[in-house]
Amino acid sequence: MITSLHLGNFKAFAKSQNIPIKPITLIFGANSSGKSSIIHSLALVHEAMRTGELDQFRTELGGSSIDLGGFRQYIHRRQTSLRMEWGLSMGTGNFTGRLKEILEPVDDLALDIAIGMPLDDQDQPIAGSKPNVISYELESQGETLLRMSKRPGNLMALDMLPYKHPVVRRLITALLESFTTTGSVTEKDIQALEKPIAEIIAGLRGRMGAFLPKGIKDDSLDEESAQKLSFFPVSRGTRQEDLAKAVRFFLPRALDELIQELNTVVHAEIKRLQYLGPLRSYPPRHIAFADHDDINWRAGGGYAWDVVRRNKEVRDKVNKWLSDDKKLSTHYELLIRNLLTLDDIDADYEEKIEQIERAYVDDDYDRLGGNNEENIGGDLFGTLYGVLSEIKNKEADLANIQELILVDRRTDTQVSHRDVGIGISQVLPVLVSAYGSKSMIVAIEQPEIHLHPALQAELGDVFIESALADNNTFLLETHSEHLILRILRRIRETSEGELEEGATPITPDQVSVLYVQPDKKGSQVLHIPVNKEGEFDRPWPQGFFAERARELF
């Protein structure tokens, strides 16, 4: 649903950047250019929504992979008098319910937040103060729809509500036509409401939530009396006054509903974010006993091994990728081993022995699932030995703990993930992020790390399939030329109708290729368009990806 991010005065970025987001968004750039800042800004907002804290150092999502250093560190060039700008744009096509009705006249909606320190009369941060949300603005079709700004007492005041904006105009018209006796609202009626709306704006306030305003309210209205009003009569002689009274009553409630409904959507979008850092750590040798409270459990990829242990569907997909001759082509297979103790099997074992004893005493071999013709009664020791086989068949039901193991199929030798090459440990969390995610925003730094070029290309197909089949959005901070080349190839094959069997079709409008270019005035995000021939529509800046040609020719 997010179509772009807006980011300014954050880390390497100065002037606000518009960052187009597609199902597959690839972020390239030189080292220390600011590529990861895009992902880190999302981690900051994710944590702010969770805790209400903007002076962030570490985040739950990023573990030790993301160290923001607090506001004084992440604000651009440590200029604490600046305002960090963060926002997003969304298409309104998937909105539902009341939010869809309110925003019906427009196709897009942008939310922009400014974050900063309280400043004194010298424009310097007030000693001992903390950063907070300074302003909140909604835009559509390039025009401001609503703007709020910080006031004392953790309040946000409504500063701007252009009554001519299509959304506001339609909202006022719908309210008056639905809840008054007027037959229809004319252009003259709308123009006459300019002054009453300005007066309404002056009295509207909203309490701040963790990151967004909770809503909006007119404290001058008596709630008890207001609850008794549901319909306003409009007289011919006092038409403008009556319409103004109705607007004063209904408009604040409609705006409150708009803000709250939008908050729900934005929270849901940011909550979809998951993150995998650039360095994936080894989990302990026995994954079943891994420490889930480790701050790097998710960002470091340790959780991925637990997903593979618990989720057979994901495990099967990972095994297929590991063994495929065109991919990693290892001889290893991930399997589950049930860890049993004597206490686990004791009760079941005793029950089966008692059944055998009663069957032989009473000559009732049907209890054992057989008859004399099968010679069950003639082989007591064979029947006893068979008990272990029966318990083995029920092993998964009896075990309290299931352990993940690797088996080398060349020798049928059981090994630990700590006994194989580092490539498997680095790529497995990437595969799980793709195969185990549905309708998520998956941010990964350097997915290609420790993989040889051919495998980097194969990851392209993994991301395409996961994004387009499972409705995921990937934000991939990468240096891999091979990854983008595979995606370009699939675009070309899709366009020409020559897509190889099993590959997922993809079109240029489903891919966003970004290049972060450092500059003395702050890094810039450049969009590199892709056409249906799988080619770039503009040259890469600063000769990026030209190394191969230089070395060959």
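A quick note: this is a predicted structure, and the numbers were derived from the prediction, not measured. (Residues numbered from 1 in each chain as written. Predicted model: local features only at pLDDT ≥ 70, side-chain atom pairs only at ≥ 80, totals over all residues. Heavy atoms only, no water.)

A. Inspection of the confidence of the model for the protein chain at higher detail. Chain-level pLDDT for the protein chain is 86 on average; 85% of the residues reach the 70-or-more range. No element of the protein chain has a lower mean pLDDT than helix α7 (residues 223-226), which averages 50, and none a higher one than strand β18 (residues 473-477), which averages 98. Across residues 371-377 the pLDDT falls below 50, and counting only partners more than four positions away or on other chains, this stretch makes 12 contacts in the model. (pLDDT = per-residue confidence, 0-100. Helix = DSSP H or I, 4+ residues; strand = E, 2+ residues; numbered from the N terminus. Contact = heavy atoms within 4.5 Å.)

B. Region of interest: the packing of aromatic side chains. In this structure the tally under the stated criterion is 11 aromatic pairs. Geometrically, the ring pair formed by Phe28 and Trp540 is edge-to-face, given 5.4 Å between the ring centres and 90° between the ring planes. With Phe28 in strand β3 (residues 24-29) and Trp540 in the loop between β20 (524-527) and α17 (547-552), this residue pair connects regions lying 512 residues apart in the sequence. With relative accessibility at 0%, the residue Phe28 sits in the buried group. Looking at Trp540, the relative accessible area reads 13%, which means it is buried. Between the aromatic rings of Tyr515 and Trp540, the centroid separation amounts to 6.0 Å while the plane-to-plane angle is 90°, which identifies the pairing as edge-to-face. Highlighted residues: Tyr515 in strand β19 (residues 511-517) and Trp540 in the loop between β20 and α17, separated in sequence by 25 residues. The exposure classification of Tyr515 matches that of Trp540, with both residues buried. (Phe/Tyr/Trp six-rings, centres within 6.5 Å; stacked < 30°, edge-to-face > 60°. Buried < 20%, exposed > 50% of the residue type's maximum accessible area, 1.4 Å probe, protein only.)

C. View of the nonpolar core. Membership of the largest hydrophobic core comes to 90 residues, with the highest contact counts inside it found for Trp86, Leu103, Tyr136, Leu146 and Phe211. Take this core: its biggest share by element is 15 residues, from helix α8 (residues 239-271). Not counting chain neighbours up to four residues away, the residues in contact with Phe211 comprise Val45, Ala48, Met49, Leu54, Trp86, Ile113, Ile115 and Val133. Within the second largest apolar cluster, 51 residues are counted, among which are Trp297, Leu404, Val420 and Val462. (Core = buried A, V, L, I, M, F, W, Y, C linked by side-chain atoms within 4.5 Å.)

D. Broad picture of the sheet that holds strand β7 (residues 108-116). Spatial ordering of the open sheet is given by β2-β1-β6-β7-β8-β9-β10-β11-β12, a layout of nine strands whose pairing is antiparallel. Either end of the sheet is taken by a strand with one partner, and the two such strands are β2 (17-20) and β12 (217-218). Lying over the sheet, helix α6 (residues 194-203) contacts β10 (155-160), β11 (204-207) and β12, oriented at roughly 35° with respect to β11. Each of β1 (2-8), β6 (84-91), β7, β8 (132-140), β9 (143-151), β10, β11 and β12 is contacted by α8, which is oriented at about 95° to β6, the strand it contacts most. (Pairing = 2+ DSSP bridges. Axes fitted to C-alpha atoms, helices over the stretch in contact; angles between N-to-C directions.)

E. Here's a closer look at the pattern of salt bridges. Enumeration according to the criterion identifies 29 salt bridges in this entry. Here Lys438 ties to Asp470 by a salt bridge, and the two come within 3.1 Å at their closest N and O atoms. In this pair, Lys438 sits in the loop between α14 (422-435) and β17 (441-445) while Asp470 sits in the loop between α15 (453-469) and β18, placing the two residues 32 residues apart along the sequence. Connected through salt bridges with shared partners, the residues Glu458, Asp461, Arg486, Arg489, Arg490, Glu493 and Glu500 form a single ionic network. (Salt bridge = Lys/Arg side-chain N within 4 Å of Asp/Glu carboxyl O.)

F. Local environment of the environment of Lys326. Mapped onto the elements, Lys326 comes out in the loop between α10 (312-323) and β14 (332-339). Taking C-alpha positions, Lys326 is 8.6 Å from Leu455, a pair spaced 129 residues apart along the chain.

G. Spotlight on the packing of α15 against helix α16 (residues 481-496). In contact at an axis separation of 7 Å, α15 and α16 are set at 50° when each is read in the N-to-C sense. Classified by the interaxial angle, the pair formed by α15 and α16 is oblique. In this structure, the crossing between α15 and α16 has a hand that is right-handed. The segment α15 lies against α16, with Pro453, Gln456, Ala457, Glu458, Leu459, Gly460, Asp461, Phe463 and Ile464 engaging His482, Leu483, Arg486, Ile487 and Arg490. (Parallel < 35°, antiparallel > 145°, perpendicular 65-115°, else oblique. Left-handed = near helix turned anticlockwise from the far one by under 90°.)

H. Expanded view of the sheet that holds β3. Pairing is mixed in the open sheet, where six strands are placed in the order β13-β17-β18-β3-β19-β20. Of all the strands in the sheet, just β13 (273-276) and β20 have a single pairing partner and so form its edges. Strand-to-strand, the axes of this sheet are offset by a mean angle of 20°, without reference to chain direction. In terms of strand pairing, β17 meets β18 through five bridges, oriented parallel. Paired with Glu445 across the bridge in β18 is Glu477. Most of the contacts of α14 go to β13, to which it runs at about 165°, and overall it touches β13, β17 and β18.

I. The arrangement of unusual backbone geometry in detail. Even without a glycine there, the phi angle at Lys11 is positive, about 50°. Topologically, Lys11 is positioned in the loop between β1 and β2. Phi is positive for Arg78, close to 55°, though the residue is something other than glycine.

J. Highlighting helix α9 (residues 302-310). Burial runs high along α9: seven of the nine residues are buried. Buried within α9 we find Gly302, Tyr303, Ala304, Trp305, Asp306, Val308 and Arg309.

K. Expanded view of a negative patch on the surface. A contiguous patch of negative charge on the surface is contributed by Glu496, Glu498, Glu533, Glu535 and Asp537. Note that Glu498 resides in the loop between α16 and β19. (Patch = residues over 30% accessible without salt bridge, like charges linked within 9 Å, V, L, I, M, F, W, Y side chains within 5 Å. Areas by Shrake-Rupley, 256 points an atom, 1.4 Å probe, with all protein chains shown as cover. Lys, Arg positive; Asp, Glu negative; His and termini not counted. Charge placed at Lys NZ, Arg CZ, Asp CG, Glu CD.)

L. Region of interest: the side chain of Glu493. One can find Glu493 in helix α16. Judged by its relative accessible area of 11%, Glu493 is buried. Other than its neighbours up to four places away in sequence, Glu493 contacts Glu498, Leu499 and Glu500.

M. View of the environment of Pro125. Tracing the sequence through the fold places Pro125 in the loop between β7 and β8. Excluding its chain neighbours within four sequence positions, the residues that come into contact with Pro125 are Thr80, Ser81, Met117, Pro118 and Leu119.

N. Broad picture of the packing of α10 against α14. Two elements in contact, α10 and α14, have axes whose closest approach is 10 Å; the angle formed by their N-to-C orientations is 130°. When the axes of α10 and α14 are compared, the pair comes out oblique. The two elements α10 and α14 cross, and the hand of that crossing is right-handed. Between α10 and α14, the contacting residues are Val314, Lys317, Val318 and Trp321 on the first element and Val427, Leu428, Leu431, Val432 and Tyr435 on the second.

O. Structural detail: α10. Here α10 contains 12 residues, and its C-alpha end-to-end distance of 16 Å stays within 8% of the 16 Å for a straight helix at 1.5 Å per residue. Here α10 has its buried residues at Val314, Arg315, Val318, Asn319, Trp321 and Leu322. Summarising the axial view, the buried residues of α10 lie within an arc of 165°, below the 170-degree limit, and thus occupy one face. Seen from the open side of α10, the exposed residues pointing more than 90 degrees away from its buried face are Lys312 and Lys320. N-capping of α10 is provided by Asn311, with a side-chain oxygen placed 3.0 Å from the backbone N of Glu313. (Expected span 1.5 Å × (residues − 1). Arc of directions from axis to C-beta. Polar contact = N/O pair within 3.5 Å; in protein donor to acceptor, adjacent residues only side chain to side chain.)

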